[in-house]
Amino acid sequence: MSRNRDIQLVCMDVDGTLTDGRIYIGPQGEAVKAFDVKDGQGIKLLQAAGITVAVITARRSEIVENRCRELGITEVYQQVGDKVAIIRELEKKYRLNREQVAYIGDDLGDLSAMEYTGLAFCPADAVESVRQAANVLSRNGGRGAVRQAAERILELCAAQSGRE
């Protein structure tokens, strides 16, 4: 876990983290993704605690834009190759250090961001190398993993506040 539990920014991947990683493509090429309402509530809890939430994903999808708009997430970065570069930009924007940033991801494209930030989580069904680099949640991606991470982050922040 992070030494400084004053988490102010939570960044997360989408496919395999906010969703189960499946992408359904219809006959006209339309894509469909499923999001868990519990994860959305976890994001709302973070926001209510004053924690900024950012989505950083390698893919581009209108579905992601729509879901983020619905949840009030304004920091949305799609088609990103270097997730750490985006996190560094956000650190500057919000005047944070990397120990104040948490990341939730599930696959190799998330690994450098997870190693960079002060606190990293992954769903139970993340790939093995990511599981070794993160706090492994008991929930799978798209099945409440983000909610579980949000609750743990809020518990850690509350414990930090109680010691100050």
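Residues numbered from 1 in each chain as written. Predicted model: local features only at pLDDT ≥ 70, side-chain atom pairs only at ≥ 80, totals over all residues. Heavy atoms only, no water.

Caption draft 1: How the structure looks around the sheet that holds strand 6 (residues 101–104). Strand order in the open sheet made by the 6 strands is 5-4-1-6-7-8, with parallel pairing throughout. On the outer flanks of this sheet lie strand 5 (75–77) and strand 8 (135–136), each paired with one strand and no other. In this sheet, strand 4 (residues 52–56) lies alongside strand 1 (residues 9–12) in parallel orientation, the contact comprising 4 bridges. Residue pairing for strand 4: cysteine 11 is matched across the bridge by alanine 54. (Pairing = 2+ DSSP bridges. Helix = DSSP H or I, 4+ residues; strand = E, 2+ residues; numbered from the N terminus.)

Caption draft 2: Up close: the pattern of salt bridges. This structure, assessed with the given rule, holds 11 salt bridges. A salt bridge links aspartate 13 to lysine 83, with the shortest nitrogen-to-oxygen separation between them at 3.2 Å. A residue pair is termed long-range when its members are at least 10 positions apart, and aspartate 13 in the loop between strand 1 and strand 2 (24–25) and lysine 83 in helix 3 (residues 83–94) qualify at 70 residues. Across the pair glutamate 70 and arginine 67 runs a salt bridge whose closest N-O atoms are separated by 2.3 Å. Of this pair, glutamate 70 and arginine 67 are both found in helix 2 (residues 62–71), 3 residues apart, which corresponds to roughly one turn of the helix. Classification of glutamate 70 by relative accessible area gives exposed; the value is 56%. (Salt bridge = Lys/Arg side-chain N within 4 Å of Asp/Glu carboxyl O. Buried < 20%, exposed > 50% of the residue type's maximum accessible area, 1.4 Å probe, protein only.)

Caption draft 3: Structural detail: the pairing of strand 7 (residues 119–122). Side chains Leu119 and Phe121 of strand 7 all project onto a buried face; the interleaved residues Ala120 and Cys122 project onto the opposite face, where all are buried too. The pairing of strand 6 with strand 7 spans 3 bridges and is classified as parallel. Within strand 7, the residue paired with tyrosine 103 across the bridge is alanine 120. For the handedness criterion, the β-α-β arrangement of strand 6, helix 4 (residues 111–116) and strand 7 is classed as right-handed. Of the pairings in the sheet, the one linking strand 7 to strand 8 comprises 2 bridges and is parallel in character. In the sheet register, cysteine 122 faces strand 8, and the bridge partner there is valine 136. Handedness of the crossover joining strand 7 and strand 8 through helix 5 (residues 128–133) is recorded here as right-handed. (Right-handed = clockwise from strand over helix to strand, strands pointing away.)

Caption draft 4: Quick look at the nonpolar core. Counting residues in each nonpolar core, the largest one holds 26 residues, and the members touching the most others are Val10, Met12, Ile43, Val55 and Ile153. Elements that contribute at least two residues to this core include exactly strand 1, helix 1 (37–48), strand 4, helix 2, strand 6, strand 7 and helix 6 (145–163). It is helix 6 that provides the largest number of residues to this core, a total of 7 residues. What methionine 12 contacts, discounting residues up to four positions off in sequence, is Thr17, Leu18, Ile43, Val53, Ala54, Val55, Ile56, Tyr103, Ile104 and Val146. Counting 21 residues, the second largest nonpolar core, distinct from the first, contains Ile56, Leu96, Val101 and Ala126. (Core = buried A, V, L, I, M, F, W, Y, C linked by side-chain atoms within 4.5 Å. Contact = heavy atoms within 4.5 Å.)

Caption draft 5: Representation of helix 3 within the structure. Between its first and last C-alpha atoms helix 3 spans 17 Å; for 12 residues at 1.5 Å apiece the expected length is 16 Å, and the two agree. Those residues of helix 3 not exposed but buried are Lys83, Val84, Ile86, Ile87, Leu90 and Glu91. End-on view of helix 3: buried residues confined to an arc of 155°, all on one side of the axis. Residues of helix 3 that are exposed and point more than 90 degrees away from the buried face comprise Lys92 and Lys93. Contacts made by the buried residues of helix 3 are with strand 1, strand 4, strand 5, strand 6 and helix 4. (Expected span 1.5 Å × (residues − 1). Arc of directions from axis to C-beta.)

Purely geometric numbers; function is a separate question.
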